[in-house]
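Each chain, letter by letter, is given below.
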Amino acid sequence: MKIISLLVCCCGLFIIGCKTKTVKLKMLPTLPESDSAVVMYYHTPGDPRFFNMTKVVVKNPLPVVATDVNAKIIEAKDSCVTQGKIYFYGKGGAVETIYFSRNKDCMTLSFIKTGEKYFTAMSDDTKELLNRLEKDVTVLPGRAE
């Protein structure tokens, strides 16, 4: 009986340890290594045809976004319309594409990895950063703001 109890306890600890590793898994580990980013803000949420953009050219350009993206995966919020996207760049070109929704009831970042879409929660710091960067957008020629 003691052996069975010990075996059950060990299996339980092993399962808990595996779940902890899954939660801490960084889905996009190369994101912090990027050296620049382009943030695109759609004129009409969900419609990427017309947009304003801003460039961020520094090593690890948006660390707060990278931290949020590599946090715990949350349930999909398909009702949240994408308001824009961020292209992160590194030495070899585009590193990752991150989509965002800043609506109060959404506050999500999302990305596609191996054909599956994942969502993470957007922190208030990331929302504030995206709002601040939007003030520095470049209006592309021929496109109304």
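1. Focus on helix H3 (residues 124-134)
Residues Thr 126, Leu 129, Leu 130 and Leu 133 constitute the buried set of H3. Down the axis of H3, the smallest arc covering the buried residues is 95°, so these residues share one side. Packing partners of the buried residues in H3 comprise strand E1 (36-44), strand E2 (47-56), helix H2 (63-69), strand E4 (84-90), strand E5 (93-101) and strand E6 (108-113).

2. A few points about the sheet that holds E2
The antiparallel open sheet is built from seven strands, whose spatial order is E2-E1-E4-E5-E6-E7-E3. Of all strands in the sheet, those bounded by a partner on one side alone are E2 and strand E3 (73-74). Strand direction decides the pairing type here: E3 and strand E7 (residues 116-121), joined by two bridges, are antiparallel. Paired with Ile 73 across the strands is Thr 120, a residue of E7. Packing of H3 onto the sheet brings it into contact with E1, E2, E4, E5 and E6, and relative to E1 it is tilted by some 80°.

3. With respect to the packing of aromatic side chains
Under the counting rule described, the total for this entry stands at three aromatic pairs. For the ring pair Tyr 41 and Phe 100, a centre distance of 5.7 Å and an interplane angle of 65° mean the geometry is edge-to-face. Taken together, the positions of Tyr 41 in strand E1 and Phe 100 in strand E5 put the pair 59 residues apart, joining distant regions of the chain. Each member of the pair, Tyr 41 as well as Phe 100, is classed as buried. A centroid spacing of 6.4 Å and a plane angle of 50° characterise the contact between Tyr 87 and Tyr 89, whose relative ring orientation is tilted.

4. Quick look at the nonpolar core
Counting 24 residues, the largest nonpolar core has Leu 62, Ile 86 and Ile 98 as the members making the most contacts within it. Taken together, the elements giving at least two residues each to this core come down to E1, H2, E4, E5, E6 and H3. Every residue in contact with Ile 86, bar those within four places of it in the chain, is listed here: Ala 37, Val 38, Val 39, Leu 62, Val 65, Glu 96, Thr 97, Ile 98, Phe 100 and Leu 130. With five residues, the next largest nonpolar core counts Val 38, Met 40, Phe 51 and Met 53 among its residues.

What counts and how
- Residues numbered from 1 in each chain as written.
- Predicted model: local features only at pLDDT ≥ 70, side-chain atom pairs only at ≥ 80, totals over all residues.
- Heavy atoms only, no water.
- Buried < 20%, exposed > 50% of the residue type's maximum accessible area, 1.4 Å probe, protein only.
- Helix = DSSP H or I, 4+ residues; strand = E, 2+ residues; numbered from the N terminus.
- Arc of directions from axis to C-beta.
- Contact = heavy atoms within 4.5 Å.
- Pairing = 2+ DSSP bridges.
- Axes fitted to C-alpha atoms, helices over the stretch in contact; angles between N-to-C directions.
- Phe/Tyr/Trp six-rings, centres within 6.5 Å; stacked < 30°, edge-to-face > 60°.
- Core = buried A, V, L, I, M, F, W, Y, C linked by side-chain atoms within 4.5 Å.

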